[in-house]
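# Breakdown of the fold
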Amino acid sequence: MSTSTNAVLAYGYNLGGDDAGWTFRETGEYGEPNLDWYDNEAEDDFATAAEARLLASVGLTEKWGDNPDGGFWEREKAAKARLAVELDSYCHVEHPMYVLAAKVITVYRGDAKILDPTELAAIPPEWDERLAAAVAALGITPDQERPGWVLVSYWG
């Protein structure tokens, strides 16, 4: 098994993480997320809780196994398509940090990708709208003034 070392370019918000600090205003006395939907002591990590909150914002509140009809994965896929943003991790698998993104470009170790700056500059308006809806659903105020291209790395 090898270790991934990837470059990730994401259009959205850097949310930070536990070790380096969260980059949104809703934090507690010790820098932990202070959000009504996230329990720092619970088994679920931030990403799991945030994804559940985001999916609920577009109508998917069930969990796998809640409904015996077997259609959960299709409903989850449809909800993710409606949401059209993702929470992507970076930094390290054991110390994740996160970006909330409308677009993610990953370049895997040993690979190269040619990027066109003109295409990167042409931000579809719906990306900002989707990100604004996601930020509202999460109840966070990112430190970034507005979404932008965030270049991060992942090792894990």
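Please read these numbers as outputs of a predicted model, since none were measured by experiment.

### Structural notes on the overall build of the chain
- What the chain contains, in helices and strands, is four helices and five strands.
- Going residue by residue from the N terminus, the α and β elements of the chain occur as β-β-α-α-β-β-α-α-β.
- Over its C-alpha trace the chain gives a radius of gyration of 16 Å, about what one expects of a compact globule, namely 15 Å for 156 residues.
- Each of the three principal axes of the chain carries a C-alpha extent, and together these read 45 × 40 × 40 Å.
- A total of 156 residues make up the chain; the buried ones form 37% of that total.
- Within the chain, counting contacts between residues at least 6 apart in sequence, those at least 24 apart form 67% of the total.
- Surface summary for the chain: the accessible area is close to 9,600 Å², and the carbon and sulfur share equals 50%.
- Distance between charge centroids for the chain: 8 Å, based on 12 positive and 28 negative side chains.

### Focus on the packing of aromatic side chains
- Overall, the coordinates contain 12 aromatic pairs when judged by the stated rule.
- A centroid spacing of 6.1 Å and a plane angle of 10° characterise the contact between Trp22 and Tyr98, whose relative ring orientation is stacked. You can see Trp22 sitting in strand β2 (residues 21-22) and its partner Tyr98 sitting in strand β4 (residues 95-107), a full 76 residues away along the chain.
- For Tyr98, a relative accessible area of 5% translates into the label buried.
- Pairing Trp37 with Tyr38 gives two aromatic rings, centres 6.1 Å apart and planes at 55°, and the pair type is tilted. In this structure, Trp37 and Tyr38 share a single accessibility class: buried.
- One aromatic cluster is present, formed by Trp22, Phe24, Trp37, Tyr38, Phe46 and Tyr98 through successive ring pairs.

### Focus: the pairing of strand β5 (residues 148-155)
- Of the strand pairs in this sheet, strand β1 (residues 5-17) and β5 are connected by eight bridges, and their pairing is antiparallel. Paired with Tyr11 across the two strands is Trp149, which belongs to β5.
- Sheet topology note: the strand β3 (residues 86-92)/β5 ladder contains two bridges and is parallel. Across the sheet, residue Cys91 finds its bridge partner in β5, namely Tyr154.

### Brief notes about unusual backbone geometry
- Phi is positive for Ala84, close to 60°, though the residue is something other than glycine.
- Positionally, Ala84 belongs in the loop between α2 (72-83) and β3.
- For Cys91, which is not glycine, the phi dihedral falls at a positive 80°.
- Its place among the elements puts Cys91 in strand β3.

### Regarding the environment of Thr61
- Mapped onto the secondary structure, Thr61 falls in the loop between α1 (46-57) and α2.
- A relative accessible area of 62% places Thr61 in the exposed class.

Calculation rules
- Residues numbered from 1 in each chain as written.
- Predicted model: local features only at pLDDT ≥ 70, side-chain atom pairs only at ≥ 80, totals over all residues.
- Heavy atoms only, no water.
- Helix = DSSP H or I, 4+ residues; strand = E, 2+ residues; numbered from the N terminus.
- Rg over C-alpha atoms; globule rule 2.2 N^0.38 Å.
- Buried < 20%, exposed > 50% of the residue type's maximum accessible area, 1.4 Å probe, protein only.
- Contact = heavy atoms within 4.5 Å.
- Areas by Shrake-Rupley, 256 points an atom, 1.4 Å probe, with all protein chains shown as cover.
- Lys, Arg positive; Asp, Glu negative; His and termini not counted.
- Charge placed at Lys NZ, Arg CZ, Asp CG, Glu CD.
- Phe/Tyr/Trp six-rings, centres within 6.5 Å; stacked < 30°, edge-to-face > 60°.
- Pairing = 2+ DSSP bridges.

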